[in-house]
Structures are given as structure tokens and as C-alpha cells.
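Here are the chains, one letter per residue:
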Amino acid sequence: MLVTCLPDVAKDVGANRILKTRAGHFHHPFGDPSRPEASERRWRLEATKKALEVLTEPVTEPTVFEY
Amino acid sequence: MPTNKKIRVVHYVNQFFAGVGGEEKGDHPLTFREGPVGPGLLLQRLLGAEGEVAGTLFCGDNAYAADPGAEAAALDHIERLAPDLLVAGPAFNAGRYGLACARLCLAVKAGGKTAAVTGMYPENPGVSACRRQVHIVPTGDTAGGMGEALPKIVRLGLKLARGEELGPAQEEGYLPRGVRYNAFAEVPAAQRAVDMVLKKVRGEPFTSEFTFLGFDRVAPPAPLKGLKGKKIAVVTEAGMVPPGNPDRIPGSRASTHHWNKYSFGGRTELPKGSFICIHGGFNTVFVNEDPDRMLALDALKQLEREGVFEKLHEEFLSTCGNGGPVHVMKQVGQAMAKEARAAGVEGVVLPAT
């Protein structure tokens, strides 16, 4: 599965399981520097959990999930 | 080469088109016959006085795919026959046949003595195997398209064999190879672009000057049945490398060898300086401050400890996708997939920028 903040590009190139991290950024899909450190870590833990769950999702075509 | 010279042609078909049998004869070894065989009879008729089918090579598709000796034998025959042109197929939408045609055309072209032309359905896997190097006439998906395909193949093949200059792919009737030639235009680019936009908004037909080769569609792999007991790896195209970038992975336009596996070194999080980002296409300050913003090692290690999944692969695989040509990145991806599979990885998290 692919984690990105540019899901349209990922869809165009045919990635099938895509997670868009809303709080992430193009430069760092697993980071949100606007938060204090502890809060950013908690957010990343949840985003990563979601990324792993996406691996278990049945899909038939490029599909975007969000966290 | 003078245009009045009779073009000497060798034709390659599979055993089915040579009349030897169907799928059950897929392991038929490479065989040579003098003169035209099967669709070669039509090929000869279309060539008329301009060319001669000197001989036909045929082989079962499985044999061609599995036995390197088949291709070597085909090349020996071609060397001996010294043709001006190899015509392979057409293979329509037969995948293994298409791949055999692609491989033989590539090998013959690489020899530099003989021109090569083939015909395939645009979605035949043989197309992506050789479209950048070999001229492929698009055909229908079944052998019902033979009568339509062969005249186009003959026309293009004769031009290639005579070394004549070819026009654009659309005009000559072959699949675009992604090659652009310089040409003088009467109207400047800005004006052509505006004309195109106006036609587009008016809903009128227009032809783009840039043909995009497009991307593959890959069938999604089956979902993991739960995460318990699974081995997970991190793969990235974000240009994450050890400090000093020992493999000199470039910040843009990587080549096929510009990727590697890097150990997390037993860490449970990534302090500043543990890995650096050499991506040349964005501001790397935030990820260099905290590499977990890309690789999420802290989160993955915690989830591993909690037993959400079994094991995080101790190495991550990395390249830099910035400006990477699609056909290069495809090879990098395939090599990475092979590596991950060999390491027993069942799921990959791929942070991409």
C-alpha cells in the first residue's frame, strides 16, 4: 500500500491501495510538524495503524483511503 | 540500400500458425522451413515482386519462453539466411507469442544487420517488452485481424528494410515508441498551444504534439487476511539514505541500479541524522529534522511490540522517484518486490512523496 498526500498522482500511475494522510504533507506523509512532538507521534501511530489496515482491504482498482 | 533490390524476409510464427498443433504443442522446438508457411503465404503475396519470404522459423510459445536455446537457434538461422527484414507474428493478443516476437525482434535489432517489424494487439504484454525499440503495428485481438494487419506490416517492414525515413507513428501506422524528432513548424509553439486549447474548449478534435505512453494497470494483490503473524516492510521512493549517501542515489532521474536496502540498525525510532533525504524535488528540512516523518519507524516498532503484526523487516528499501522515467522505475519496483518477497515480506507500507 502507498501512503501519500497526492492521491491523484498515485491513482494515475495505478497504485491500488492508497492512503491519503490529511494532516501529512507532500514532503512527509507520516509527519505533521504543526503539532507538538508528543501529539505528532500519537497522530503518526494512528496513521500507521490505518496504513496497515489498508493492506487488509479488498480492492478491485486504485482506491483512496483517508486518515 | 537501393530501393529496387528485392527485400529478403524471414518470418517468425508460433507452432499454431505453422499448422503444427494447438496449446498441447506449446513445447514444440524451434524449427526452420524454406519459404513461407501459414500466414507467410499471404505475407509473400503482399510482398509481391518487392520481397521474398526466404524462410520461416516457428516454435512453441512455451519452448521459446523456457528454453534459451530456442532463441539462440533462431538467431543462428537468421545469421545464416542474412535477411533484410524479420517479420514476427502478428501475435494479436496471445501473450506468450507476443513476448516471443518481442524478444526475437529485440535480439535481431541488437545485431544491427536486420530490420524487424511485428504486429500485436496494443495490450499484448509483448508490447511493453519492446515498444521503445521495435516498430509494432497495432492489430486486432484475434487472428481474424490477419487480413487487416499484414498489409500494414508489409508496408512498414519494407520501409524499415530499405532504411527509409519514417514519419510520425500515427502516420506510419505503428505504436508510438516515445521517441520525438525535431521538425520545423510553420506556427510558433505558443500559438499552436492556444489553438489547441481553443479547440479543446469548443469540443473540436485536435491532436496533441506529445503522446503520453501511459501507465500499466496492475491487478491488485489479494488483501492480507489480518495482520497477525505478518511480516511488514517499509519501501520508499522518497530518497531516504544513510548519511553521506554511500550509494550516490541521485536526487532526480535515478537509473535502474539506484536503489538499495538499508538496515534500521536495531533502532526503535529515527533520530535526526540517522537517515537523510536526498530527494531533489521538495523541501527536505522537515523530514531531515525527524526521519520518522517519512519512514514511521517509531510507530511501526510500537505496533510490532503491541503484536498488531508479527515482524518489521529490519531493512527498508529506498530509491528516489523524482523525475524517474516510468520504464526505469518499473524495473526498480520489480527488483524491490523480488527482494522483499525473498525476505518473506507479506505486506509493504510505501510512503511516497
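Coordinates for the structure precede this section.
Residues numbered from 1 in each chain as written. Chains lettered and ligands numbered in written order. Predicted model: local features only at pLDDT ≥ 70, side-chain atom pairs only at ≥ 80, totals over all residues. Heavy atoms only, no water.

Some remarks on the overall build of chain B
Heads up, the rule is: Helix and strand labels come from DSSP, where a helix needs a run of H or I of at least four residues and a strand needs a run of E of at least two; each type is numbered from the N terminus. Values of the radius of gyration come from C-alpha atoms, whereas the globule rule sets the reference at 2.2 Å times the count of residues to the power 0.38. To sort residues, take the accessible area from a 1.4 Å probe on protein chains only and compare it with the maximum for the residue type: under 20% means buried, over 50% means exposed, and anything in between is partly exposed. Here a residue-residue contact requires only that any non-hydrogen atoms of the pair lie within 4.5 Å. Computed with the Shrake-Rupley method and a 1.4 Å probe, the accessible areas treat only the protein chains shown as cover for residues. The charge count includes Lys and Arg as positive and Asp and Glu as negative, but it does not include His or the ends of the chains. One atom stands in for each charge, and that atom is NZ of Lys, CZ of Arg, CG of Asp or CD of Glu.
Secondary structure summary: chain B contains twelve helices and 13 strands in total. Expected size for 353 residues packed as a compact globule is a radius of gyration near 20 Å; at 26 Å, chain B overshoots this value by more than 25%. With respect to the three principal axes, the spread of C-alpha positions in chain B is 75 × 60 × 40 Å. With 353 residues in all, chain B has 45% of them scored as buried. Counting only contacts in chain B whose residues sit at least 6 apart along the sequence, the fraction spanning at least 24 positions is 71%. When the accessible surface of chain B is summed, it comes to about 17500 Å², and 54% of that surface belongs to carbon and sulfur atoms. Across chain B, the 40 positively charged side chains and the 38 negatively charged ones have centroids separated by 1 Å.

As for the pattern of salt bridges
Between side chains of opposite charge, a pair can form as their charged atoms come close. Defined as follows: Throughout this description, the term salt bridge denotes a Lys or Arg side-chain nitrogen within 4 Å of a carboxyl oxygen of Asp or Glu.
Within this structure, the stated rule accounts for 21 salt bridges over all chains. In this structure, Glu79 of chain B and Lys113 of chain B form a salt bridge, with 3.1 Å as the shortest nitrogen-oxygen distance. In this pair, Glu79 of chain B is assigned in helix H3 (residues 68-81) and Lys113 of chain B in the loop between helix H4 (95-111) and strand E5 (115-120), connecting sequence segments 34 residues apart. Judged by relative accessible area, Glu79 of chain B falls into the exposed class, the value being 54%. If you follow the salt bridges from partner to partner, you end up with Glu37, Glu40, Arg41 and Arg44 of chain A together with Glu269, Asp290, Arg293 and Asp298 of chain B in one network.

A few points about the state of the cysteines
Residue and element names in this part refer to chain B. Rule in force here: For the purposes of this analysis, a disulfide is any pair of cysteine sulfur atoms at a distance within 2.5 Å.
A full pass over the atoms with the stated rule returns zero disulfides over all chains. Free of any disulfide, Cys101 has its nearest cysteine sulfur in Cys105, 6.4 Å distant. Cys277 takes part in no disulfide bond, and the closest cysteine sulfur to it belongs to Cys320, at a distance of 7.3 Å.

Focus on the packing of helix H2 (residues 37-54) of chain A against helix H11 (residues 297-305) of chain B
Convention followed: All axes here are fitted lines through C-alpha atoms, helices being fitted over the stretch that makes contact, and every angle between N-to-C directions spans 0 to 180 degrees. Between 65 and 115 degrees an angle is taken as roughly perpendicular, under 35 as roughly parallel, over 145 as roughly antiparallel, and anywhere else as oblique. Rotating anticlockwise by less than a right angle from the far helix to the near helix defines a left-handed crossing, while the corresponding clockwise rotation defines a right-handed one. Residues are grouped as follows: nonpolar covers Ala, Val, Leu, Ile, Met, Phe, Trp, Tyr, Cys and Pro; charged covers Asp, Glu, Lys and Arg; every other residue, Gly included, is treated as polar.
Where H2 of chain A meets H11 of chain B, the axes come as close as 9 Å, and the angle between the chain directions of the two elements is 65°. Regarding the angle of H2 of chain A to H11 of chain B, the classification is roughly perpendicular. For the pair H2 of chain A and H11 of chain B, the sense of crossing is right-handed. Side by side, H2 of chain A and H11 of chain B meet where Arg41, Arg44, Leu45, Thr48, Lys49 and Leu52 of chain A of the first sit next to Asp298, Ala299, Leu300, Gln302 and Leu303 of chain B of the second. Considering only residue class, the contact of H2 of chain A with H11 of chain B consists of five nonpolar, two polar and four charged.

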